[in-house]
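For reference, the chains in residue letters:
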Amino acid sequence: MNPAATPRRHSPRALRHCRGVTTAEYVVVAAVLVLGLVAGVSAFKGEVGGSLQSEGEAVGELARGRIAPVREQYDEPAAALAVAQANLSAGEAHQSPEERVLSTPPSASGPPSPPPLAAPARGNGEPGAEILIYRQSAKSSTQVIIKEGGKIVGGYFGNAAASGARDAVTGLLESDYQAGTQGPLRDGDYWLKPKDNYDPKTDLLVDKVPSLTKAGLKPGQVSEGCPPVYRMHPNGNSRGCQTGPRDWSLRVWDLMDKYEGKGGVRVRIITQKTPKAIPAETSLGKPKERPFFTSEQRALEARKQSGKKPKKAEKAEEPKGERRRGWFR
């Protein structure tokens, strides 16, 4: 028998050293590792919890003003802890940050409060009152609108014939304009000034009557070189003056007096094809009564001397003879 072909026999001890690791051994090793990990995590959590508790106790001590224990625990410099103690007060120790902010009184030198809003100032050249005179031609009747402080306060038909007759073509009130040497005013802006050239021998209108005036000229003067004779007075024959119902002429006088030195009264004359609507009511109230014409003034003075009660103003009379030339002055 060939020895080489005979199978070799191993001892039981050798066989134990050659076999692989069993499943049970793997299980045992994994269990050991898991238990070690759990133990490590538990130890870490314990350290963190202890640290948080220590920190919380330190914050509470600092909030209560007890600096010494904190200083001993963290061995902080005394100067830094003194600053922290100075920023805390005993009353703030039990307040939340929000409560401390809300309970802090405002600083006496807080942000400056804005100044009160002032009333808008009137622009340069803006009048205290304004009279807008609309007309369809230079010699037609007018529609007059009065504004005070920028607001419409009333209006009336001006330069209308006393008879109330209407133009057959336009249907508008006929004009009281009478042909004369001066003629009607041009479109533009004028200012009311009191008449200052009264002559009892030649004038029909009394002193201080509202006069249409170009800026920089004499009262009643509407252009360089023209006579100062343009006024605003009650209805009657007009040779260039602006006329209206007596009560409205008196209100115009009141406005002139009211705004003298306070922006004045501007009169703006506008010619346009379409008539302008006027307000049906007024907020100006009852005007002050006064004479416009020298005949009214003489009648008033005569009644005062006789002791009789003055009557309603009489219709003005047109001067005759030498006085006719300047009757509308």
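Rules of the game
- Residues numbered from 1 in each chain as written.
- Predicted model: local features only at pLDDT ≥ 70, side-chain atom pairs only at ≥ 80, totals over all residues.
- Heavy atoms only, no water.
- pLDDT = per-residue confidence, 0-100.
- Contact = heavy atoms within 4.5 Å.
- Core = buried A, V, L, I, M, F, W, Y, C linked by side-chain atoms within 4.5 Å.
- Buried < 20%, exposed > 50% of the residue type's maximum accessible area, 1.4 Å probe, protein only.
- Helix = DSSP H or I, 4+ residues; strand = E, 2+ residues; numbered from the N terminus.
- Pairing = 2+ DSSP bridges.
- Axes fitted to C-alpha atoms, helices over the stretch in contact; angles between N-to-C directions.
- Salt bridge = Lys/Arg side-chain N within 4 Å of Asp/Glu carboxyl O.
- Polar contact = N/O pair within 3.5 Å; in protein donor to acceptor, adjacent residues only side chain to side chain.

Enquirer: Could you clarify how one ought to interpret the confidence of the model for the chain in this entry?
Expert: As a general rule, the predicted coordinates of low-pLDDT regions are not to be interpreted in detail. When pLDDT is averaged along the chain, the result is 77; 64% of the residues meet or exceed 70. Contacts from residues 14-18, a stretch scored under 50 in pLDDT, to residues over four places away or in other chains number one contact. pLDDT under 50 marks residues 321-328. Its contacts with residues more than four places away, or in other chains, come to 23 contacts.

Enquirer: So what exactly am I meant to see when it comes to the nonpolar core here?
Expert: One recurring pattern in soluble globular proteins: nonpolar side chains tend to sit buried together. One finds I131, I146, L192, L212, M232 and V267 to be the most contacted residues of the largest nonpolar core, which totals 32 residues. Looking at this core, the elements that each hand over two or more residues are β1 (129-135), β2 (142-148), β3 (151-158), β4 (188-194), α6 (246-258) and β8 (265-271). When neighbours within four sequence positions are excluded, M232 is seen to be in contact with I131, I133, Y156, L192, V209, P210, L212, Q242, V252, V267 and F292.

Enquirer: Before we go on, may I ask you to explain the sheet that holds β8 in this structure?
Expert: Strand-to-strand pairing in sheets goes through backbone hydrogen bonds, with the strands running parallel or antiparallel. Read from one edge of the open sheet, six strands run β3-β2-β1-β8-β4-β5, paired in mixed fashion. Edge positions in the sheet fall to β3 and β5 (210-213), since each has one partner strand and no second. Here the average twist between neighbouring strands, direction ignored, is 25 degrees. As paired elements, β2 and β3 share seven bridges and run antiparallel to each other. Note on β3: the bridge partner recorded for V144 is Y156. Its contacts with the sheet place α6 against β1, β2, β3, β4, β5 and β8, and it is angled at close to 35 degrees to β2.

Enquirer: How should the pattern of salt bridges be read in this particular structure?
Expert: Oppositely charged side chains can pair when the atoms bearing their charge come close. Within the structure shown, the criterion is met by 10 salt bridges. In this structure, E148 and K258 form a salt bridge, with 2.5 Å as the shortest nitrogen-oxygen distance. Taken as a pair, E148 in strand β2 and K258 in helix α6 lie far apart in primary sequence, 110 residues in all. Since its relative accessible area comes to 45%, K258 is described here as partly exposed. A salt bridge links R246 to E289; the nearest nitrogen and oxygen atoms lie 3.0 Å apart. One end of the pair, R246, is in helix α6; the other, E289, is in the loop between β8 and α7 (294-306), with 43 residues separating them in the sequence.

Enquirer: How should the pairing of β4 be read in this particular structure?
Expert: A regular strand places its side chains so that they alternate between the two faces of the sheet. Taken together, the four bridges between β4 and β8 define a ladder with antiparallel strand orientation. Pairing of D189 across the sheet is with R268, part of β8. Bridge analysis of β4 against β5 gives four bridges, and the strand direction is antiparallel. Each bridged residue has a counterpart across the sheet, and for P194 the counterpart in β5 is P210.

Enquirer: Explanation requested: unusual backbone geometry in the structure shown.
Expert: Where the residue is not glycine, phi is negative for most of them; where a peptide bond is considered, it is trans in most cases. Phi at N159 is positive, roughly 50 degrees, even though this residue is not glycine. With respect to the helices and strands, the residue N159 is situated in the loop between β3 and β4. Of the residues examined, N159 reaches a relative accessible area of 4% and is grouped as buried. We note that K208 has phi near 75 degrees; this positive angle belongs to a residue other than glycine.

Enquirer: How do you make sense of the environment of G285 when you look at a structure like this?
Expert: Within the secondary structure, G285 sits in the loop between β8 and α7. Residue G285 is classed as partly exposed on the basis of its relative accessible area, which comes to 35%. Taking the C-alpha atoms as reference points, G285 and V153, 132 residues apart in sequence, are found 9.9 Å from one another.

Enquirer: How should I be thinking about the side chain of T243 in this particular structure?
Expert: Take T243: it is sitting in strand β7 (residues 242-244). Separated by 2.6 Å, the side chains of T243 and D176 make a polar contact. Polar contacts involving the side chain of T243 include one to the side chain of N235, which spans 3.4 Å. In contact with T243, not counting residues within four places along its chain, are Y156, G158, N159, A160, D176, H233, P234, N235, G236 and S238.

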